[in-house]
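Remarks on the overall topology
What follows is the residue order along each chain.
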Amino acid sequence: MSKISRPLEPEDFGTNRSGNPYFGDIVQAKRRAILTGGLATVALSLFGCGGDGDSAPATTAPVTPTPPAEPTLPANTLNFASVQRSPMIAGNELVVPPGYRWSALTKQGDPIGSKLGAPAFRSTAARRFDTTAAEAELQFGDNHDGMAFFPLPFGSKSSERGLLAINHEAARANVISGFRFSGVTASTDPAKLDPAGETAMNPEVVRKQKAYHGVSVAEVYRDASGQWQVQRDSAYARKVHADTPIAIGGPARGHAAMKTSADPTGVLARGTLGNCGSGATPWGTYLTCEEDSHKNYFATREMDPKDPRFEDPRWARYNIVAGYTRDYTWHFLDKRFDLAVEPNETNRFGWVVEIDPYDPDWQPVKRTALGRFAHENVAHVVGADRRVAFYMGDDQGFDYIYKFVTAKAMNPDDRKANRGLLDEGTLYVAKYNADGSGEWLPLVHGQNGLTAANGFPDQASVLIWARLAADKLGATQMDRPEWLASDPATGWVYATLSNNTGRGSATAPGGTTAAPRAAQPKGPTNPRDKNLHGHIIRMRDTGGDVTGTRFAWEMVVLAGTGTADTPNPDNRGTINGDAFSSPDSVMFDGWQRLWIGTDAADALKASDWSGKGTDWSGLGGDMLLAMDTRTGQVKRFLLAPDGAEVCGAQLTADGRALFVNIQHPGTEQPRDLAIEAMTWPDKIAVADGGIVRSATVVITREDGGVIGI
């Protein structure tokens, strides 16, 4: 998730002080002619794209696009009225086009439908989220983010029944604590009392906060009336939360840096955190991505600020600094989150976790072969030899895009035979060239300087500190990589770069005293100083060989409005259609549409977007848009409640149901609308216990037809 209009934090600037080539310089070198040629030139060059992946694509000459997969697609796949409002904000509402309807399918605090129980959501005027920790472990968590729909039965293309696996990136402590006061903050300790005289932090509160993190798996179905429901008493329903035992797999299993006092063998982690984006494997498992776990949950405030570990790049590169407690104060009561006590616990987070939604008895596994960083999501492409490539982004300013290729081929006839497939393979990091070509650089111990002499004594060290390894290889610094999505019809993998507000600053956090981190300035070939609005690129492995080390890349679109109302020309976009900022989550469907969820507006004021003459003119709140990737046309399909990020869109195979996550509605409100006044989606008055809740909504056409067709 991207937060851009508040005091700058480490992820805005990043911790990358490697001096590696900056992607902005490469973009400008490649696209100077296009960016000065206007929107028409951009549309021609980007969507009549050059290059077939076998060589560097032409920079401006249009080429016949790759034909879509059979059957032939309709001419208009964006057949809906674009959502329009003035100003472009939704308040306490969710807005979809005429002829469509939405309903909240899963809401924070609702029961997941487990056989172990179905505790109902309770909230009163005096005490919100008035549930016990044990009940919370059987309810949907907070901050719905990445998501995947798995048809039932396995192997079918059912659009009537399936399993939803839903990430819960974080739990808003002040919302779920049960107290009507604002803020369980860094200064909160067990002695602090709420107005009712109860301690703000106690074992029950901490356990409940942990329960609202992680992943919910629920069985859902379309009933006889066409409405989607959560199946109660389902054999599949379960929670994987911050205290769930999770196996450690791959090269880092048993490594010294993975061992703690509770797990002296380094093979069994406790819990998953920071579950941002997600992915699915072709053998039907769910991949949940741990993003900002290394900095949001671990405290250093009890440590001596002169501790030499704060000068160790292995900590600095992962935003571990002295005197730090940001969002949670669990370390008072759970000492594994106090790095003064358990310095290795942070190494056990920041991984991709594999969960089998079809088998609730199978223990989840942290797949360390895919590297440790701020994982946003995972997209995959199956190669001709059935080896699988997984594409990933590190969601931090000036960090990298990665690819992991399995060592062995997938077995399409035995899904259980693939359970160890993600433990063996090669992790690569991307280097982009100005001519539209690129290289995948292998992060392999003993190669390219990844040796003991340089701090990498084994492959596990390369993966635990993957950022440092990628720095050493000279990978290309990116503007905060978010989601990636693969187009099954063409083989292109699209990547969102949400923004990079750190660029242009004189200094940036993330370095050490001995090696301060220099900020990346705007250079002569850098397309946008500070990159307020972000952009989208796409890449394709040479010759369609996903196991290879060469690829072609292209710019797709620069976000932001393209009008003269934007005072800074660097912030003007090249969008063919409805404007947006900070692209985040993306998903491809079977109609070659790229669905784009944004994360820009959670900290903005009305003056930022309601009038003219600002860099936010004409943009507005966060939204879901659809792009016809054959033409580049973009239309706005959904406008989210104020303060909400739009995440994890999933479309059923028949195209008649669209699931979308609405995360943290009401957070850091624009228009001075305090979170206490937000009651979406239930619209129950605050005096009657109403409270804002994150939710999964399902959107359908009123006539039951295919969405957008």
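Let me begin by describing the structure that accompanies this report. (Residues numbered from 1 in each chain as written. Predicted model: local features only at pLDDT ≥ 70, side-chain atom pairs only at ≥ 80, totals over all residues. Heavy atoms only, no water.)

To continue, consider unusual backbone geometry. In this structure, P87 follows S86 across a cis peptide bond, with omega equal to -5°. Its location among the elements puts P87 in the loop between helix 3 (38–47) and strand 1 (100–107). The residue after L152, namely P153, is reached through a cis peptide bond having omega 0°. In this fold, P153 is placed in the loop between strand 2 (144–151) and strand 3 (161–168). With a phi angle near 55°, D233 is a residue other than glycine that sits in the positive phi range. A residue is classified by how much of its surface remains accessible, and D233, at 47% relative accessible area, is partly exposed. Residue H664 is not a glycine yet carries a positive backbone phi of 40°. (Helix = DSSP H or I, 4+ residues; strand = E, 2+ residues; numbered from the N terminus. Buried < 20%, exposed > 50% of the residue type's maximum accessible area, 1.4 Å probe, protein only.)

As a further point, take the environment of T566. The topology assignment puts T566 in the loop between strand 23 (550–558) and strand 24 (576–577). Overall, the relative accessible area of 0% leaves T566 in the buried class. The sequence separation of T566 and S617 amounts to 51 residues, and the corresponding C-alpha distance is 6.4 Å. The residues contacting T566, other than those within four sequence positions of it, are T561, N571, R572, T614 and D615. (Contact = heavy atoms within 4.5 Å.)

With that out of the way, let us pick up the packing of aromatic side chains. Across all of its chains, the model carries 25 aromatic pairs by this definition. Look at Y391 and W440: their rings are 6.1 Å apart centre to centre, the planes differ by 55°, and that puts the pair in the tilted class. Linking Y391 in strand 14 (residues 388–394) with W440 in strand 18 (residues 437–442), this pair joins segments that are 49 residues apart in sequence. Clustering of aromatic rings is evident, with ring pairs tying together Y297, F298, W330, F337 and F349. In this structure, R372 packs its charged tip against the face of Y318, placed 4.1 Å from the ring centre. (Phe/Tyr/Trp six-rings, centres within 6.5 Å; stacked < 30°, edge-to-face > 60°. Lys NZ or Arg CZ within 6 Å of the ring centre and 35° of its normal.)

If you trace the five strands from one edge of the open sheet to the other, you get 24-28-27-26-25, paired in mixed fashion. Strand pairing shows two members of the sheet lacking a second neighbour, strand 24 and strand 25 (583–588), which therefore form its edges. (Pairing = 2+ DSSP bridges.)

The next point concerns the pairing of strand 13 (residues 375–382). Consecutive side chains of a regular strand alternate in pointing toward one face of the sheet and then the other. With six of eight residues buried, strand 13 is to be regarded as a mostly interior element. Sheet topology places strand 13 next to strand 14; six bridges connect them, and they run antiparallel. The partner of V378 across the bridge, within strand 14, is M392. Linking two consecutive strands that pair antiparallel, namely strand 13 and strand 14, is a turn of five residues; a positive phi of about 70° is found at R386 within it.

Our focus in this paragraph is the sheet that holds strand 8 (residues 268–270). Here we have six strands laid out as an open sheet, ordered 8-7-12-11-10-9, and mixed in their pairing. Two strands bound the open sheet, and with one partner strand each, they are strand 8 and strand 9 (275–280). Taking each pair of neighbouring strands and ignoring which way they run, the sheet shows an average axis angle of 35°. Across three bridges, strand 7 (residues 245–249) lies against strand 12 (residues 365–367) in parallel orientation. Bridging from a neighbouring strand, A247 pairs with V365 of strand 12. (Axes fitted to C-alpha atoms, helices over the stretch in contact; angles between N-to-C directions.)

This part covers the pattern of salt bridges. Applying the stated criterion across every chain yields a total of 41 salt bridges. Between K683 and E93 there is a salt bridge, and its shortest N-O distance comes to 3.0 Å. Placement of the pair is K683 in the loop between strand 30 (658–663) and strand 31 (695–701) and E93 in the loop between helix 3 and strand 1, with a sequence separation of 590 residues. On the basis of relative accessibility, which here comes to 36%, the residue E93 falls in the partly exposed class. Of the charged contacts in the structure, one is a salt bridge between R367 and E354, with a shortest N-O distance of 2.8 Å. Here R367, found in strand 12, pairs with E354, found in strand 11 (residues 352–355); they are 13 residues apart in sequence, far enough to count as distant. E354 matches R367 in its accessibility class, with the two residues each being buried. Through salt bridges that share partners, K210, D243, D263, R270, D334, R336, E345 and R348 make up one connected network. (Salt bridge = Lys/Arg side-chain N within 4 Å of Asp/Glu carboxyl O.)

Let us look at the environment of N661. Following the sequence through the fold, N661 ends up in strand 30. Taking the C-alpha atoms as reference points, N661 and L105, separated by 556 residues in sequence, lie 9.9 Å from one another. Within the local environment of N661, its side chain forms a polar contact with the side chain of T696, the two groups lying 2.6 Å apart. (Polar contact = N/O pair within 3.5 Å; in protein donor to acceptor, adjacent residues only side chain to side chain.)

Among the nonpolar cores identified, the biggest contains 41 residues, and F390, M392, Y402, F404, V429 and L443 are the most heavily contacted of them. Among the elements of the structure, strand 10 (286–290), strand 14, strand 16 (401–406), strand 17 (425–432), helix 9 (459–464) and helix 10 (466–473) are those that each provide at least two residues to this core. With five residues, the single largest contributor to this core is helix 10. Non-local contacts of F390, meaning those with residues more than four positions away in its chain, are made with T281, P282, W283, L287, V378, A379, H380, Y402, K403, F404, T406 and L422. Membership of the second largest hydrophobic core comes to 27 residues, among which are Y100, M587, W591 and I707. (Core = buried A, V, L, I, M, F, W, Y, C linked by side-chain atoms within 4.5 Å.)

As far as function goes, none of this settles anything; it's purely spatial.
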